[in-house]
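# Structure assessment
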Amino acid sequence: MNRRTVASRRGRNPFDPFRVREPTPDRTLRLPPRSPVDDRLLIARVQAGDASAERALYDAHVDRVYRLVYRIAGDPDQAQDYTQETFIRAFSGLADFRGEAALATWICSIAVSVALNGLRRGKRLRAREVALDEAATAAAAVRVAEPDLRDRLARAIDDLPEGYRVVFLMHDVEGYTHEEIGRTLGVQPGTSKAQLSRARAKLRRTLADFARG
Amino acid sequence: MILDDDEPLGPELREAARAYHEPGPVPREDLWTRIQMRRESERRAVAPGRRSIGRPVRVLAWSAGIAAVLAIGVGIGRMSNRGPAVRGVTAPVASALAPAAPAGGSPREDAAYRLAAAEHLGQAEAFLTLFRASVREGRQEALASATARQLLATNRLLLDSPAGSDTRLRFLLQDLELVLAQIAQLAPERRGEDLKLITDGMEQDGMLVRLRAAVPAGTGMTFRQGAL
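Quantities reported herein were computed from a predicted structural model and do not represent experimental measurements.

What follows is about unusual backbone geometry. At H21(B), a position not held by glycine, the phi torsion is positive, near 45 degrees. Its location among the elements puts H21(B) in the loop between α1 (11-18) and α2 (28-46).

A separate point is the confidence of the model for chain A. All names here are of chain A. Residues at a pLDDT of 70 or more form 69% of chain A, whose mean pLDDT is 78. Taken together, the stretch residues 1-28 has pLDDT below 50 and engages in 51 contacts with residues farther than four places along the chain or on a different chain. Residue range residues 138-146 is modelled with pLDDT below 50. Its contacts to residues more than four positions away, or to other chains, number 1 contact.

Time to look at the pattern of salt bridges. Residue and element names in this part refer to chain A. Summed over all chains, the structure comprises 19 salt bridges over all chains. For R55, the salt bridge identified is with D59, shortest N-O distance 3.1 Å. Remark: D59 and R55 occur in helix α3 (residues 51-73); sequence separation between them is 4 residues, near one turn of the helix. For R55, a relative accessible area of 19% translates into the label buried.

Once that is clear, we can look at the packing of aromatic side chains. Centre distance and the angle of the planes are the two values used to describe a pair of aromatic rings. Counting across every chain of the model gives 7 aromatic pairs over all chains. A ring pair is formed by F87(A) and F91(A), whose centres lie 6.3 Å apart and whose planes are at 40 degrees; its orientation type is tilted. Placement of both F87(A) and F91(A) in helix α4 (residues 76-93) is noted, with a separation of 4 residues, approximately one turn of the helix. Each member of the pair F87(A) and F91(A) is classed as buried. Note on F97(A) and W106(A): the rings are 5.0 Å apart at their centroids and 45 degrees apart in plane angle, and the pair reads as tilted. Taken together through their ring pairs, the aromatic side chains of Y58(A), F87(A), F91(A) and W32(B) make up a single cluster.

On to the packing of helix α6 (residues 144-160) of chain B against helix α7 (residues 167-184) of chain B. Geometrically, a packed helix pair is captured by the angle between its two axes and the distance between the axes. Residue and element names in this part refer to chain B. Taken N-terminus to C-terminus, the directions of α6 and α7 make an angle of 155 degrees; their axes are 8 Å apart at the nearest point. The angle between α6 and α7 falls in the class roughly antiparallel. When you trace α6 past α7, the crossing you get is left-handed. In this structure, α6 contributes A144, S145, A148, R149, L151, L152, N155, R156, L158 and L159 to the contact, and α7 contributes R170, L173, Q174, L176, E177, L180, A181, I183 and A184. Within the contact of α6 with α7, the residues separate by chemical class into 12 nonpolar, 3 polar and 4 charged.

The periodicity of an α-helix, 3.6 residues per turn, causes residues three or four positions apart to be oriented the same way. Residues and elements named next belong to chain A. In a regular helix each residue adds 1.5 Å, so 18 residues correspond to 26 Å; α4 covers 25 Å between its end C-alpha atoms and thus fits that length. Along α4, the positions that sit buried rather than exposed are Q78, A79, Q80, Y82, T83, Q84, T86, F87, I88, A90, F91 and G93. N-capping of α4 is provided by D75, with a side-chain oxygen placed 3.1 Å from the backbone N of D77.

Reading guide: rules and limits
- Residues numbered from 1 in each chain as written.
- Chains lettered and ligands numbered in written order.
- Predicted model: local features only at pLDDT ≥ 70, side-chain atom pairs only at ≥ 80, totals over all residues.
- Heavy atoms only, no water.
- Helix = DSSP H or I, 4+ residues; strand = E, 2+ residues; numbered from the N terminus.
- pLDDT = per-residue confidence, 0-100.
- Contact = heavy atoms within 4.5 Å.
- Salt bridge = Lys/Arg side-chain N within 4 Å of Asp/Glu carboxyl O.
- Buried < 20%, exposed > 50% of the residue type's maximum accessible area, 1.4 Å probe, protein only.
- Phe/Tyr/Trp six-rings, centres within 6.5 Å; stacked < 30°, edge-to-face > 60°.
- Axes fitted to C-alpha atoms, helices over the stretch in contact; angles between N-to-C directions.
- Parallel < 35°, antiparallel > 145°, perpendicular 65-115°, else oblique.
- Left-handed = near helix turned anticlockwise from the far one by under 90°.
- Nonpolar A, V, L, I, M, F, W, Y, C, P; charged D, E, K, R; others polar.
- Expected span 1.5 Å × (residues − 1).
- Polar contact = N/O pair within 3.5 Å; in protein donor to acceptor, adjacent residues only side chain to side chain.

In structure tokens form, the structure reads like this:
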């Protein structure tokens with residue numbers, strides 16, 4: 001392969017180790033920079049029964065919660081169920097919120113927990129149906145043309161271990177920092193970094209033939 | 001190809017990753033309404049001396065969980081009890097509730113299955129009665145879909161159990177599965193039309209009448225009170 005070919009392929013190869021590093025994507029959805037004082041005031045108002053404060057708390061966090069649980073679940077009905085459950089738990093558990101983390105982080109940690117538990121329950125129920133569908137799916141797979149990158153990547157992300165998948169989605173897709181992920185998931189930022197690295201490595205391995213193509 | 005662990009994904013992959021489970025617009029108002037209804041339902045359930053649909057539905061949710069555990073227990077018992085019966089082991093409670101052992105499993109297994117089925121059908125009957133009343137009064141019961149899903153899970157376990165050889169019970173469970181699946185999949189935006197279709201279908205099938213006929217009088221509630 002001559003130098004020119006390498007250069008032209010390098011431009012479109014997502015696995016190229018020599019490519020120019022681009023800024024981390026989409027940081028607009030990061031946890032909002034609310035001060036602890038704002039949070040405390042809002043919580044006090046909610047606890048005092050102020051309906052407008054409840055709505056304000058909901059408005060401030062619903063987009064992020066919904067996006068996060070949707071990314072994890074991939075289904076609008078489940079995302080709505082999990083978002084609803086998250087806010088129900090958040091409102092009823094506000095008295096237990098000790099302010100060690102930002103309110104947004106605390107709510108996101110509830111959302112992740114609700115979504116993952118919901119998915120685990122769903123998986124257990126669906127497990128028996130998978131066996132029945134397997135033959136049909138396998139037959140269909142033979143007929144399907146080579147899937148495009150999005151489909152391949154989506155399947156690869158689905159196959160990631162749960163912890164890797166959540167960290168990957170939060171960091172590389174939703175733009176959370178490792179510190180935010182660590183606080184949300186209750187792990188050290190270093191653990192989040194390690195899981196992200198492993199997730200990326202696994203995705204690269206899974207999509208290696210695409211990289212060569 | 002070995003890459004630096006911290007190397008971010010390339011632009012093409014990042015773009016593809018952003019399309020993974022990409023959320024549409026957030027249904028803010030719908031969600032807020034659901035949250036408010038659920039909280040109101042819970043508040044009413046806690047408030048003493050007030051009639052509320054919230055508490056029965058909550059109790060049903062718990063009961064559905066307990067029934068699921070029961071049904072799983074039946075399944076496990078069926079799987080692990082292939083050998084001859086252990087001497088001296090009897091099932092006094094279960095056998096008292098089994099009017100006639102259907103063909104297929106041992107009397108003990110059939111009795112356990114019947115107990116689990118009776119409990120489940122009792123809960124389904126109570127749930128559908130509340131659901132129908134709720135629809136008639138024009139209330140939007142936020143927990144209906146969730147409770148239906150839990151009952152559906154138990155229903156499927158019972159349908160799948162090798163101990164369930166009673167054809168009439170099987171037909172009833174299959175029809176019940178259809179109704180529960182419809183409620184479980186209620187779409188918020190089409191709730192009005194769907195609710196009418198579901199309740200009309202229930203009337204046509206005589207679902208509540210069949211459920212009441214299938215549940216031995218007092219069986220479900222007695223057990224539920226004991227369990228809870």
